[in-house]
Amino acid sequence: MLHINQLNKSFDQPDGKVSVLQQASLQLEAGQSAALLGESGSGKSTLLHLIAGLDRADGGEIWLQQQPLHQFSDEQFNQLRRTQLSLIFQQYHLVPTLSVFDNLSLQARLTGNLDDDFRQHLIATLGLGPLLKRLPQQLSGGQQQRVAIARSLLHRPALVLADEPTGNLDENTSQQVMQLLSQLVRDNGSSLLMVTHSPAMAAYCDHSWRLQHGRLEAELSA
Amino acid sequence: MKQWFCSVPVLALLLWAGPGYGQQANDVYQVLRDGDGAAQFAPVVPGYTLDFPQDHGPHPDFRIEWWYLTANLEGANGQHYGVHFTLFRQALFAQQQGLEHASPWASGQSWMAHAAISQGDKHLYEERFARGGIGQAGVQSQPVFDAWLDDWQWLGDGPSPLPGQLTLSIQGQPLTLQLSSNKPWVLHGEQGFSQKSEQGQASYYYSQPSINIVGQWQPRTGDSVALTGQGWLDREWSSQPLAENQSGWDWFSLQLADGHKLMAFRLRHSDTEQHYYSGSWITPEHKVTPLNSDDIQLTPTGFDVIDTAQGEKRIPTGWQLSLPTLKRQWQIKARSANAWLDTLFPYWEGPVQVFDNKQAVGVGYLEMTGY
Amino acid sequence: MRSLLWSWLTLLSHYRRHPSQTLFLLLGLITGVALWSAVHIINAHARASYAEADQLLDAQASHWIQAPNGRVALSDYVALRRAGFRQVYPVLELRLSTLDNQPLTLIATDLMAMSASRTSPTQEQSNSRVDMRAWSQLSQPPYAVWVPASLANSLPLQAGQRLTLRDGRQLPPAVTDSQPRQGQRLFMDIGAAAITLGETHLSYLAVGAIDPAELKRLDQWLNQYAPQLKRRSNQQPLDLTELTASLHIHLNAMSLLAFAVGLFIVFNAVRFALHSRASTLTTLRELGVSARTLTSAIVLEGFTLSLIGTALGLAAGFGLSQLLLPAVAATLQHLYGAVLDQRLLLQPQVLLQAWLLTSVGLLMALVWPLWQRSRQGVLAQRQGVDVLQQEQRSQRRLAISAAVLLAIALLSYPWLNSLAHGFALLAALLFAGAWLLPWLASQCLHWLSQNAKPGLAQWCWAEGQVQLGPLRPALMAMLLALTANFGVDNLVGSFRQALDNWLQQRIAADVYVQSEQLDAHQLSQYAWLLDSHERNGLRLRWQGRPTLIRGLDPSAPDVQQLPMASQSYPQGGAAWPDDGILANEQVQHLAGKQLGDVIYLPLGNGEQQRFTLAGFYYDYGNPYFQFYLPYQRVAQLWPNAQPQGLALWLDEDANMTEVEQALVEAGAQPGDWIDRRAILQLSLRIFDRTFAMTAAINTLTFAVAGIALLAALLAIHQQRLPHYAHWRAMGVSWREWLQLTAVPLALCLMLTWVLSIPLGSALAWLLIHDINVLSFGWTMPLQWQGRPALLLALLCLGVTAIAFAIAALQVRQRLPYALKQLGADE
């Protein structure tokens, strides 16, 4: 489903070139979830950005459902992000001026792929029912992240990319959110690639990969 | 500019109708009935002896007055022409003594004139207004008779309008008529006191029903036409000629081939079928037999629907006129229904033919108001 | 398409959640559009009125019939009517003044004579909006005078009241009503006017639509029966359009300035709205909305806003134009004799223009930040940019642009010869000043913080640098408003001073008499008469413009002291040069004639007379060309020249009652004369009315600038609220906060005010020295006045204090919440 082959990426820094990905490779099958572990600054987020087309690799291949993402134009990436991918961020990235309901519907509306029953299902499952009219700033972090999860799943993407989704949340909330996320991804038949530094969170995934010195190594699943 | 001009007829109307008119804008003829307004003007009373040529001139103490000529003429081209010309005078307010000398503008008199010519189904007319006092319009009988408004003028050879010459232009097309008569003036009613209702509304009313006319008409296109024929001049003045319940009138002036003349009118009552009738049967020598409601029967026998500025109107253009006491009866037919004047005071006025058992026995004019 | 729609809706949600931002954005748009469109509507309306001037009341005629003495006999009019000229109707037009010397014009005609014969049955039914009773009131005792509502308000005059004139005569009861084309004039029935004002003659006759054959007949008739009457074809529409062109350009320029000030608010608001939605924009990009779609959505938003702003602005502008119209109408009537209708129409092209203007303005505000964003990748957008550094870059860029603009303006100045160029220079000057301001302020703050003691003072100046960015457009708007106000105040002040001085010299005699019947010789017997001066004159056309010829006595005291701009012969008793002629300044500046130039004037017989220009005299307020010649020479060259009044110099001890008595005995009628004091008062009053509109627009511009400032402050504080919370957490007291935010603001505004003084002076200089000469042909010295500057400083201080107080109050309200958020966020 997702195949990453020998991806290279380096950044220009004031103190010289820093290479974050060196010949990194990874496979993820449909319906599977994988955690991406690694230390801060190891390039975990960069990998997600490269898959989503927010940044460009220096070399290597990314295949998503037999599409060569490494050859995609910006416009193709836009299309991809709108329809087949979704992103979940540590800072939630909700639109502050839209209500919870509008926020969670936003991507599906942009895509035109809005299933009202599924929306009800997500709202119920994520426990967002009583919050629908609120603005993001009126929610707690965990609530905001649940909205972001709903938004990322409503248009039924093939792959969900999550960047430290519980990084701002306390332990209890983190577990709740993680549980919901992994369950919903599984129910939905999507794949999940999640960046985290917490082995506890990684435990919710089918597989774990560790990024170290620019290389990816599979770990035994918990 | 448009607004100015649109407003002007309204103004003229109000000037004509007098103060307080605004509330009754739906009937311009209200001025003829207004009893309260009439109080400040001279009353019409029986027993007054008409005095000529003095009375050919204006009577400014009375509220309203007119000089009214109708004529059935024949053109050198064989066509029939109907002509009418009227000059109306109305006092807007009773003249304050002495003020008229202070400024020519101080006159309370206003003038209105209509001229119309009809030939076949064609009908041309024009309406004019002027204020009194400044010389733009007026009537005088001394030293010679002169009645005018702008360049329309009836100028007598002497103090009488007859003989005289009428010079007009109707929508820019000149018409001149030489008028003369060798018959005496005809006084209607009781020596010129013509009653108009049971309540006492009346006017002074005299006519010259036998006027010989020769004239010239210059239409805008085509040759000028020499005209000859018979005319009828009506003179009338009053301060309140109509009663409150009188909604309009039908007035006939007929010139019969045997030399007799007939003036007859009915004033229609809005509240009853009992209309008010009056008239004069005039012999060729101008001996007059006054006629009243017992002597006259008028029945509409034919109608035409015509377009007017106030919408479609159903106008009686065929009549049966009977004088039961004189055992005479005629059928009267308008030469054309197209004789409506959409003037400030709208009315129908046109030439008619008189029939006696399908035999044409005379000509005349018919005037109908209040329809 | 779907993503465009949802992106657009998502962006618009911002305005729903931030009503105050929305309010200011719209307020800026609305005020800008309103001011611009108000003037535009009035201008268009005025031009339309000129075009109709040949169809309507006084000028309704294609032609006028006039007598050389301005009095047409009633008998001549009646004779014309009786000769069949039914297109001719009488007009009485009188200049009156109220007890307190307010000038009034009365127009009267005979509506009965005007009523064309209604001959066609298809003619429209009349549907007058006028109360019908009002019509009949006009013509019947006690008569009535129609007074336009705005005029009635300014007099003031209640319905039913009788207006008393300066000479004690009374007009009939007033009816506050007017008809199209009445303008700011009183209207009466001609009969009523003639009776109440004792007029025996008509002012002139108007000729309605007339065909060429009739016109020829009319000329023949006049020649034969009334040779003293002259027919003149009505060139008023043409003349008015030409004469008033400069005034309209003036008004337009001022309205554009107001629009520009409004745009500063919009600029500010749009940028701020964009800035506060930066994260939303990035989120949308992350969700797969392409940069192009996003840009389209923003542009679409701009169009939406401009549509709403334009619609509301036009509505407000229409209302505003109703308020301003009387002032403009008064100006036009007094200066040019042009009559403006009281009813305004909104034309579709104004609508379109206003929308285009706002759209262009909005796009201008959006283009730069959008372009900047589009160059950044999605990831970079999340990373903060160095706002301060960016701000300094744009300040430098603006300062350089300002320098370039100034250089272009200076270089092109020597070639200044058209009004458009003049106003372009003005605009360049204003904008150069505005663009220079942020850089100057920044330099000033920088210097202060370098030289301040470390601690609160230094922090304060540094904080000023931070605030300067968002404050920039508001400061520029304030500078424009201050400069325009100061410049125009100086212009008007200088003009008023010059006019006053000039009037003192020009209106030197004690009494002026204008009477047909006056026997001037009869007055010479009185001991109190020191001197007198009789003038004659006529009106003709020269160089396609209405031109006045005046004959005067070269030895008369007022001619001896005639205020001259330049001359080639010695004044004061010297013999008049042989073929010499004096001209008003307008001839020099508008017709481009120089001293010593030869000119030719048309004589009555069709020939031309040669003259040499011997001097130019000041002639403020005169829209026409005017020439002075000796009385006898005018009488000899133009036999149709008519008396133009008599000036009398009185002994100091002369008793005015006695003088008036003598005037009546000599044949004048009450109302035929006016004394010096009254005429001076009258002139200055006309002047003040003329500039009422200018003052109104200026005040409004200032109000707009105040709103811009308030909007900017609110935006700054909202943006800075988390910082303020930090400060609070660090223990900064409320007093210290006030100092940190208010002091740099006060400094910036003081700087703005200081800069507005040289800029405003330059503006006034340009207006007086060049633009005024180009538009009206009047020159005058610039009287620099300090008082307006001080007044403006106070005003500016007041506006700033109010805006700051409102903004500070808001901060106080929101700070506790911001403090709570401190812990919650990153």
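Calculation notes
Residues numbered from 1 in each chain as written. Chains lettered and ligands numbered in written order. Predicted model: local features only at pLDDT ≥ 70, side-chain atom pairs only at ≥ 80, totals over all residues. Helix = DSSP H or I, 4+ residues; strand = E, 2+ residues; numbered from the N terminus. Buried ≥ 20, exposed ≤ 12 C-beta atoms within 10 Å, placed from the backbone. Contact = placed C-beta atoms within 7 Å. Pairing = 2+ DSSP bridges. Axes fitted to C-alpha atoms, helices over the stretch in contact; angles between N-to-C directions. Nonpolar A, V, L, I, M, F, W, Y, C, P; charged D, E, K, R; others polar. Core = buried A, V, L, I, M, F, W, Y, C linked by C-beta atoms within 7 Å. Domains from an automatic or database assignment. pLDDT = per-residue confidence, 0-100. Parallel < 35°, antiparallel > 145°, perpendicular 65-115°, else oblique. Left-handed = near helix turned anticlockwise from the far one by under 90°. Bend = angle between axes of the 7 residues up to and from the residue.

**Here we look at the overall build of chain C**
The helix and strand tally for chain C stands at 25 helices and 19 strands. Counting every position in chain C, which comprises 826 residues, the buried fraction comes to 44%. Sequence-distant contacts in chain C: of pairs separated by 6 or more residues, those separated by 24 or more amount to 85%.

**Regarding the overall build of chain A**
Helices and strands together make up the secondary structure of chain A, namely seven helices and 10 strands. Expressed as a percentage of contacts within chain A between residues at least 6 apart in sequence, the contacts between residues at least 24 apart total 72%.

**Focus: the environment of L106 of chain A**
Residues and elements named next belong to chain A. Mapped onto the elements, L106 comes out in helix α3 (residues 100-111). For L106, a count of 24 C-beta atoms within 10 Å corresponds to the buried category. Spatially, the C-alpha atom of L106 lies 9.1 Å from that of L154, the residues being 48 residues apart in sequence.

**A short note on the sheet that holds strand β1 (residues 2-13) of chain A**
Residue and element names in this part refer to chain A. Spatial ordering of the open sheet is given by β2-β1-β4-β5, a layout of four strands whose pairing is antiparallel. Taken across any chain shown, the strands that pair with only one partner, and hence form the sheet edges, are β2 (16-28) and β5 (67-68). Of the strand pairs in this sheet, β1 and β2 are connected by nine bridges, and their pairing is antiparallel. Residue pairing across strands places H3 opposite Q27, the latter belonging to β2. This element, helix α1 (residues 44-52), spans β1, β2 and β4 (59-64) of the sheet and lies at about 65° to β2.

**Examining the interface of chain C and chain A**
The partner chain A presents 19 residues to the 16 residues of chain C that form the contact. Of all the secondary structure elements, the ones that give two or more residues to the side of chain C that touches chain A are α1 (2-17), α11 (278-286) and α14 (378-382) of chain C. At seven residues, α1 of chain C tops the list of elements feeding residues into the side of chain C that touches chain A. Tallied by class, the residues present in the side of chain C that touches chain A amount to five nonpolar, eight polar and three charged.

**Some details on unusual backbone geometry**
Residue and element names in this part refer to chain B. That bond from F52 to P53 is cis: its omega, 5°, falls within 30 degrees of zero. Structurally, P53 is set in the loop between α2 (35-38) and β1 (64-75). The residue after Q142, namely P143, is reached through a cis peptide bond having omega -5°. Tracing the backbone through its elements, the reader meets P143 in the loop between β5 (137-140) and β6 (146-149). In the Ramachandran plot, D150 falls in the positive-phi region, its phi being about 50° despite a non-glycine side chain. Positioned with a positive phi, Q191 is a non-glycine residue whose angle comes to about 55°.

**What to know about the nonpolar core**
I265, A477, M478, L480, A708 and A711 of chain C are the most contacted members of the largest nonpolar core, which totals 230 residues. Ranked by residue count, the leading element in this core is helix α17 (residues 456-506) of chain C, at 22 residues. Of the residues that make up this core, three or more belong to each of domain 1 (1-52 + 243-385) and domain 3 (515-671) of chain C. In this view, I265 of chain C contacts F24, L27, G28, A477, V704, I707, A708 and A711 of chain C; residues no more than four positions away in its chain are not counted. With 132 residues, the next largest nonpolar core counts A71, F265 and A339 of chain B together with L186 of chain C among its residues.

**Considering the pairing of strand β18 (residues 297-308) of chain B**
Note: β18 of chain B against strand β19 (residues 311-323) of chain B, 11 bridges, orientation antiparallel. Across the sheet, P300 of chain B pairs through a bridge with W319 of chain B, a residue of β19 of chain B.

**Quick word on the sheet that holds strand β8 (residues 191-195) of chain A**
All names here are of chain A. Strand order in this open sheet of six strands is β6-β7-β8-β3-β9-β10, and the pairing throughout is mixed. Because the sheet does not close on itself, it has two edges, and the strands there are β6 (85-88) and β10 (215-219). Ignoring strand direction, the axes of neighbouring strands in this sheet form an average angle of 20°. Of the strand pairs in this sheet, strand β9 (residues 207-212) and β10 are connected by five bridges, and their pairing is antiparallel. Note that in β10 the partner of Q212 across the bridge is R215. Sheet contacts for α1: β3 (33-38), β6, β7 (159-163), β8 and β9; angle to β7, the most-contacted strand, approximately 150°.

**Considering the confidence of the model for chain C**
All names here are of chain C. Mean pLDDT for chain C: 81, with 89% of residues reaching 70 or above. The secondary structure element of chain C with the lowest average pLDDT is helix α5 (residues 132-139), at 63, and the one with the highest is helix α3 (residues 74-82), at 94. Here residues 116-132 scores under 50 on pLDDT; set against residues more than four positions off or in separate chains, the count is 32 contacts. With pTM at 0.61, the complex prediction returns an ipTM value of 0.90.

**Points about the packing of helix α5 (residues 141-154) of chain A against helix α6 (residues 171-188) of chain A**
Residues and elements named next belong to chain A. Orientation of α5 relative to α6, taken along the N-to-C sense of each, is 10°, at an axis distance of 10 Å. Classified by the interaxial angle, the pair formed by α5 and α6 is roughly parallel. For the pair α5 and α6, the contacting residues are G142, Q145, R146, I149 and L153 in the first and T173, Q176, V177, L180, L181, L184 and N188 in the second.

**Focus on the packing of α17 of chain C against helix α24 (residues 734-776) of chain C**
Residue and element names in this part refer to chain C. Between α17 and α24, the least distance of the axes is 5 Å, while the angle of their chain directions is 30°. Comparing their axes, α24 and α17 come out roughly parallel. Note that α17 runs across α24; the crossing there is right-handed. Residues belonging to the contact of α17 with α24 are distributed by class as follows: 27 nonpolar, 12 polar and two charged.

**Re α24 of chain C**
Of all the bends in α24 of chain C, the largest measures some 40° and sits at L767 of chain C. Just downstream of α24 of chain C, G777 of chain C is the residue with a positive phi angle, here 80°.

**Structural notes on the environment of P90 of chain C**
All names here are of chain C. Positionally, P90 belongs in strand β2 (residues 88-97). Classification of P90 as buried rests on a count of 28 C-beta atoms within 10 Å. Sequence separation of P90 and V207 is 117 residues, and the distance between their C-alpha atoms is 9.0 Å. Excluding residues that lie within four positions of it along the chain, P90 makes contacts with Y77, T109, D110, A113, I190, L202 and L205.

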